[in-house]
Amino acid sequence: MAETTQRKREVFATKNELSVALAKYTAHLSAKFCKEKGIFTVVLSGCGLIDWLGKLLESPYKESVEWSKWHVFWVDERVCSHEDQNSNYKLAMDGFISKVGIPKENIYAIDKQCAADGDAERCATLYEECLRNLVKEKILPLCPNGQFPQFDLQLQGMGPDGHMASLFPERPQINVTDKWVTHITDSPKPPPRRITLTLPVINSSLYNLVAVCDDNTEQCARSIADIFKHNNLALPAAHLTAQVEQMWYLDKAAASLL
């Protein structure tokens, strides 16, 4: 299956409208993959995503989604205790996962002890080992080129500087192609220690959806314009693609310079 670089976008007047669309999109793919292969592999991020997914906790989705078939991963994670307020795992557990019926064994967080110790490199190594074991167990397939795991859907945001996951401008992690998971210890956005899926893994996903909402900075709007109008590859998010569909959900502020 060939990669596509076409960026599709929808612009929403309110956060509520974006949240409704995000829930519908996610629930549709959940139903599709649960029917086709019996599981749904979904990758989450931090920032406002969990809040924007809130409509999935309401009818009809909370009752109709086959939560027991979900397998949940993180596109990036802050290397800190699972109980730390900075933890994407904690954010997702408190705001979303604990409220639905996803089996505990289907939730793939970074190693608890290494995270608490602040060992970013070891956390990345262990998370890649986790993914490789899931490939062996036939939970995750490899993409057609056989080099990287293929998730069904990745949901993430974009920072005002154009970063996605923990791939930041002027940092080398965007160029890593020989690993599935890498680490960073000098993130320009605190906390400094993080792990992140590498770009080839992100782009091997069947569906990638980026939501940009509640960020009214001019820099954010400029970054969106640079990506859509100029394909400015100095911005990591400009490198995003997908195997089937790449979708961007934007609020009016984010899309104001398009």
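What counts, and where the lines are drawn
For every chain, the first residue of the written sequence is number 1, and numbering continues from 1 onward in sequence order. With the structure being a predicted model, the display of local features is reserved for residues of pLDDT at least 70 and the display and counting of side-chain atom pairs for 80 or more, all residues being used for whole-chain, interface and lining totals. Values shown for side chains rest on all heavy atoms present in the structure; no hydrogens or waters enter the calculation. Think of it in three bands: residues with accessible area under 20% of the maximum for their type are buried, residues over 50% are exposed, and the middle band is partly exposed, with areas taken using a 1.4 Å probe on protein chains only. Only DSSP runs of H or I covering at least 4 residues are called helices, and only runs of E covering at least 2 are called strands; the numbering of each starts at the N terminus. One speaks of a salt bridge when a side-chain nitrogen belonging to Lys or Arg is within 4 Å of a carboxyl oxygen belonging to Asp or Glu. UniProt positions are given in the numbering used here, feature names are shortened, and annotations may be inferred rather than shown by experiment. Should DSSP find at least two bridges between two strands, the strands are regarded as paired. Fitted lines through C-alpha atoms serve as axes, helices being fitted only where they are in contact, and the angles separating the N-to-C directions of these axes extend from 0 to 180 degrees.

A.B. asks: What is the right way to read the pairing of strand 3 (residues 70-74) from this model?
C.D. replies: Consecutive residues of a regular strand have side chains that alternate between opposite faces of the sheet. Where burial is concerned, most of strand 3 is hidden: 5 out of the 5 residues are buried. Alternating positions in strand 3 separate into two faces, Trp-70, Val-72 and Trp-74 on one and His-71 and Phe-73 on the other, with burial throughout.

A.B. asks: Would you take a moment to explain the pattern of salt bridges for this structure?
C.D. replies: Pairs may arise between side chains of opposite charge once their charged atoms sit close together. Applying the stated criterion to the full structure yields 12 salt bridges. Between Glu-245 and Lys-8 there is a salt bridge, with the nearest N and O atoms lying 2.8 Å from each other. Residue Glu-245 is found in strand 9 (residues 245-251), and its partner Lys-8 is found in strand 1 (residues 8-12); the two are separated by 237 residues along the sequence. Between Lys-32 and Glu-36 there is a salt bridge, with the nearest N and O atoms lying 2.9 Å from each other. Of this pair, Lys-32 and Glu-36 both sit in helix 1 (residues 15-37), 4 residues apart, which is roughly one turn of that helix. Accessibility expressed as a relative area gives 27% for Lys-32, which makes it partly exposed. Members of the salt-bridge network, linked through shared partners, are Lys-15, Asp-51 and Asp-214.

A.B. asks: In this structure, what is going on with the UniProt feature "domain: Glucosamine/galactosamine-6-phosphate isomerase" (unreviewed entry) in the chain? I would like to understand it.
C.D. replies: The feature "domain: Glucosamine/galactosamine-6-phosphate isomerase" (unreviewed entry), as given by UniProt, occupies residues 14-246 in the numbering adopted here. Between the C-alpha atoms that bound residues 14-246 there is a distance of 21 Å. The span itself is 34% helix and 14% strand.

A.B. asks: What is the right way to look at the sheet that holds strand 2 (residues 40-44) in this model?
C.D. replies: Reading across the sheet, the 6 strands line up as 1-9-8-5-2-3 and stay open at both edges, with parallel pairing between neighbours. Of all strands in the sheet, those with a lone pairing partner are strand 1 and strand 3, marking the two edges. The mean inter-strand angle of the sheet, taken between neighbouring strand axes irrespective of direction, is 20 degrees. One ladder, built from 4 bridges, connects strand 5 (residues 153-156) with strand 8 (residues 207-212); its direction is parallel. By the bridge assignment for strand 8, Leu-153 is matched with Tyr-207.

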